[in-house]
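Each chain is listed here by its residues.
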Amino acid sequence: MTGLYGLENRKTTQSIHIPSEDSYGALFLIIPDVDTTAVVELLSGEKTVRRERVNARHGADFFYLNVGTYYVRLFVDANGNGRWDEGCYAEGRQAEEVFYCPMHFDVKANWDIEQTWHARELPRTQQKPKELIKQKEAGKATPKSRNAERAAAKK
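Sequence order as written defines residue numbering, which begins from 1 separately in each chain. The model is predicted, so local features are restricted to residues of pLDDT at least 70 and side-chain atom pairs to those at 80 or more, both for listing and for counting; the totals for chains, interfaces and linings are taken over all residues. Hydrogens and waters are ignored; side-chain quantities use all the structure's heavy atoms.

### Re the packing of aromatic side chains
Any two of the Phe, Tyr and Trp rings considered here, Trp counted by its six-membered ring, make a pair once their centres fall within 6.5 Å; the pair's planes then place it as stacked at under 30 degrees, edge-to-face at over 60, or tilted in between. The final tally for this structure, using the stated rule, is two aromatic pairs. Where phenylalanine 28 meets phenylalanine 63, the ring centres are 5.3 Å apart and the plane angle is 70°; that geometry is what we call edge-to-face. You can see phenylalanine 28 sitting in strand β1 (residues 25-30) and its partner phenylalanine 63 sitting in strand β4 (residues 59-65), a full 35 residues away along the chain. Only protein chains enter the calculation, and the probe is 1.4 Å; a residue is then buried if its accessible area is under 20% of its type maximum, exposed if over 50%, and partly exposed in between. For phenylalanine 63, a relative accessible area of 43% puts it in the partly exposed group. Cation placement over rings: the criterion is NZ of Lys or CZ of Arg within 6 Å of the ring centroid and within 35° of the ring normal. The ring of tryptophan 111 has lysine 108 lying over it, and the distance from NZ or CZ to the ring centre is 4.9 Å. Numbering of helices and strands runs from the N terminus, with a helix taken as a DSSP run of H or I at least four residues long and a strand as a DSSP run of E at least two residues long.

Here it is, written out as structure tokens:
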């Protein structure tokens, strides 16, 4: 390429590798108990949102997924702004409903996964997979350990 003042750029070459379609997987979710206000998010193992489907009426399809483990979260977008909104006590507004698919999906190369998920089947406290919970369960306290704690507190 020659510039306005006759100077030329150095030549560069760069190779691009485009994987074949066989190296990707797909996930097809059938969600019969949601309406058009649902937003389905595909989470990776690092708990980050990889893909999102707005207005997921009765399901969501995710094509060309890299091999790995994925989780699914759904929220009901009541105000239609495309993102989850927290509640406001002063306004008397509840936070938008969030549902987690209780299972994870292991996407493999050249595989299609089709799964039906009833989002309202389990109580919301039992939906979130243990791998995504930030606060781990505390060990069960026995009477012996509680008595030892009380004795230590008195000293």
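### What to know about the pattern of salt bridges
One side-chain nitrogen of Lys or Arg within 4 Å of one carboxyl oxygen of Asp or Glu is enough to make a salt bridge. Taken as a whole and judged by the stated rule, the model has five salt bridges. The salt bridge involving arginine 83 is made with aspartate 85; its shortest N-O contact spans 3.5 Å. You can call arginine 83 exposed: its relative accessible area is 53%. With relative accessibility at 10%, the residue aspartate 85 sits in the buried group. One salt bridge in this structure joins arginine 124 and glutamate 97, with 3.2 Å as the shortest N-O distance. Of the two residues, arginine 124 is situated in the loop between β8 (112-116) and α1 (143-154) and glutamate 97 in the loop between β5 (68-76) and β6 (98-100); the sequence distance between them amounts to 27 residues. A cluster of three or more residues bridged by salt bridges with shared partners is formed by Glu97, Arg120 and Arg124.

### Side note on the environment of arginine 93
Here arginine 93 lies in the loop between β5 and β6. Judged by relative accessible area, which is 38%, arginine 93 ranks as partly exposed. Along the chain, arginine 93 and glutamate 8 lie 85 residues apart, while their C-alpha atoms are 62 Å from each other. By definition, residues are in contact when any of their heavy atoms lie within 4.5 Å. In contact with arginine 93, not counting residues within four places along its chain, are Asp85, Glu86, Gly87 and Cys88. N or O atoms within 3.5 Å of each other form a polar contact, as long as, within protein, one can give a hydrogen and the other can take it, and as long as residues adjacent in sequence are counted only when both atoms are side-chain atoms. There is a polar contact of 3.1 Å between the side chain of arginine 93 and the side chain of glutamate 91.

### Concerning the sheet that holds β1
A strand pair is defined by DSSP finding two or more bridges across the two strands. With mixed pairing, three strands are arranged side by side in an open sheet as β4-β1-β8. Across the chains shown, the open sheet's two edge strands, defined by having one partner strand only, are β4 and β8. Strand-to-strand, the axes of this sheet are offset by a mean angle of 10°, without reference to chain direction. For β1 and β8, the ladder comprises five bridges, and the chain directions are parallel. Paired with phenylalanine 28 across the strands is glutamate 114, a residue of β8. Here the axes come from fitting lines to C-alpha atoms, over the contacting stretch only for helices, and the angles between their N-to-C directions go from 0 to 180 degrees.

### Things to note about unusual backbone geometry
For residues other than glycine, phi is negative in most cases, and the peptide bonds are mostly trans. Of note, tyrosine 64 is a non-glycine position whose phi angle comes to about 50°, a positive value. In this structure, tyrosine 64 sits in strand β4. Of note, asparagine 110 is a non-glycine position whose phi angle comes to about 65°, a positive value. Structurally, asparagine 110 can be placed in the loop between β7 (105-107) and β8.

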